[in-house]
Amino acid sequence: MISLVGNLSLDLEPSPHVGGGPYHGARALNRLRVPARIVARCAVADKALLLPGLVRLGSPVRYVEGASTATFAFHYEGDERIMRIEAIGDTWRPEDLPALPPSVSWVHVAPLARGEFPAATLAALARRYRVSFDGQGLVRVPEVGPLRLDDDYDPELLRHLRVLKLGEEEAEAVGDVTRLPVPEVIVTRGSRGSTVYVGGRSEDVPAHALDVDPTGAGDAFCTAYVVARSAGFTPVGAARRATAVVASVLAQGPH
């Protein structure tokens with residue numbers, strides 16, 4: 001069994017609605033029909049707005065009380081989506097992590113910006129689980145304003161990861177991904193597929209272009225990848241499986 005841990009987000013466009021890694025990952029779990037546990041956090045004031053949409057997707061949810069909700073605004077310039085951070089989500093300390101069922105073997109950590117999951121928190125998870133991590137938590141600068149990426153992250157974070165997923169722009173911010181001390185690194189490139197880096201070798205995994213809103217595709221990919229790895233798929237096989245799941249999730253239409 002796997003678990004997803006992260007902050008929910010309040011996405012303001014086109015109208016306020018739930019977002020964030022736990023939500024979009026749960027969309028993938030809903031398609032896969034596999035047991036999982038979700039641990040999600042947002043401000044108490046936003047719980048009634050954000051939590052029901054997550055719960056309706058079917059996976060058991062543990063809510064962690066928060067003080068701040070990560071909030072984002074979006075607009076498009078041609079085909080390019082421009083994101084603005086309106087509020088930063090809570091930081092997770094080791095003591096914020098609830099106990100998980102003994103059957104959980106993998107945990108996917110889904111930060112929305114750098115600083116949400118410090119090295120001490122990842123270390124606490126890594127002592128018991130194989131940890132997958134979304135690269136947003138390395139390179140997204142945690143400040144209100146237009147979204148910025150840089151490589152000013154704590155390298156200690158990487159010591160505790162089994163899997164690191166980076167979007168293409170995130171990989172560019174990090175630099176040479178082959179030098180990262182993480183056993184499995186996946187760089188996703190949208191409709192152009194992904195590249196899996198394992199053991200000093202890389203392999204491309206193709207995808208097909210879809211004329212749909214790609215919001216949440218990265219979170220769905222991470223979740224499906226971890227589910228496949230926990231089931232015994234190889235890293236490349238898991239990436240292929242995740243690619244197919246993302247296509248199925250996005251084909252459902254707007255969330």
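Our subject is the structure that appears above.
These numbers were taken from a predicted model, which means no experiment stands behind them.

Each value, and the rule that gives it
- Residues numbered from 1 in each chain as written.
- Predicted model: local features only at pLDDT ≥ 70, side-chain atom pairs only at ≥ 80, totals over all residues.
- Heavy atoms only, no water.
- Helix = DSSP H or I, 4+ residues; strand = E, 2+ residues; numbered from the N terminus.
- Buried < 20%, exposed > 50% of the residue type's maximum accessible area, 1.4 Å probe, protein only.
- Arc of directions from axis to C-beta.
- Contact = heavy atoms within 4.5 Å.
- Core = buried A, V, L, I, M, F, W, Y, C linked by side-chain atoms within 4.5 Å.
- Axes fitted to C-alpha atoms, helices over the stretch in contact; angles between N-to-C directions.
- Parallel < 35°, antiparallel > 145°, perpendicular 65-115°, else oblique.
- Left-handed = near helix turned anticlockwise from the far one by under 90°.
- Nonpolar A, V, L, I, M, F, W, Y, C, P; charged D, E, K, R; others polar.
- Phe/Tyr/Trp six-rings, centres within 6.5 Å; stacked < 30°, edge-to-face > 60°.

1. Focus: the environment of Thr71
With respect to the helices and strands, the residue Thr71 is situated in strand β6 (residues 70-77). Put simply, Thr71 and Gly20 are 51 residues apart on the chain and 9.6 Å apart in space, counted from C-alpha to C-alpha.

2. Comments concerning helix α2 (residues 47-55)
Of the residues making up α2, those classed as buried are Leu50, Leu51, Gly53 and Leu54. Across the axial projection of α2, the buried residues extend over an arc of 160°, all falling on one side. In this fold, the buried residues of α2 make contact with β2 (9-11), β3 (17-19), α1 (21-32), β4 (36-43) and β5 (61-66).

3. Considerations on the nonpolar core
Ile2, Leu8, Leu29, Ile38, Leu54, Phe221 and Tyr225 are the most contacted members of the largest nonpolar core, which totals 40 residues. In contact with Phe221, not counting residues within four places along its chain, are Lys165, Ile186, Thr188, Ser194, Ala239, Ala242, Thr243 and Val246. One finds Leu100, Val131, Val174 and Val177 within the second-largest nonpolar core, a separate group that totals 33 residues.

4. Comments concerning the side chain of Thr243
Within the fold, Thr243 resides in helix α7 (residues 235-251). In this view, Thr243 contacts Val205, Pro206, Ala207 and Phe221; residues no more than four positions away in its chain are not counted.

5. Side note on the packing of α1 against helix α6 (residues 217-230)
For the pair α1 and α6, interaxial distance at closest approach is 7 Å and the crossing angle is 50°. As summarised for this structure, α1 and α6 are arranged oblique, according to the angle between their axes. As α1 runs across α6, the sense of the crossing is right-handed. Of α6, the residues touching α1 (which contributes Gly21, His24, Gly25, Ala28, Leu29 and Leu32) are Asp219, Ala220, Thr223, Ala224 and Val227. Within the contact of α1 with α6, the residues separate by chemical class into six nonpolar, four polar and one charged.

6. As for the packing of aromatic side chains
What describes a pair of aromatic rings is the distance from one ring centre to the other and the angle between the planes of the rings. Going through the model one piece at a time under the given rule, you end up with two aromatic pairs. The interplanar angle of 15° and the centroid separation of 5.3 Å between the aromatic rings of Trp92 and Phe117 together place this pair among those described as stacked. Here Trp92 is found in the loop between β7 (80-87) and β8 (106-110), whereas its partner Phe117 is found in the loop between β8 and α3 (119-126), with 25 residues between them in sequence. Considered together, Trp92 and Phe117 belong to a single accessibility category, that of buried residues. Judged by centre distance (6.3 Å) and plane angle (15°), the ring pair of Phe221 and Tyr225 falls under stacked. With Phe221 and Tyr225 both in helix α6, this residue pair falls four residues apart, about one helical turn. For the pair Phe221 and Tyr225, a shared accessibility class is recorded, and that class is buried.

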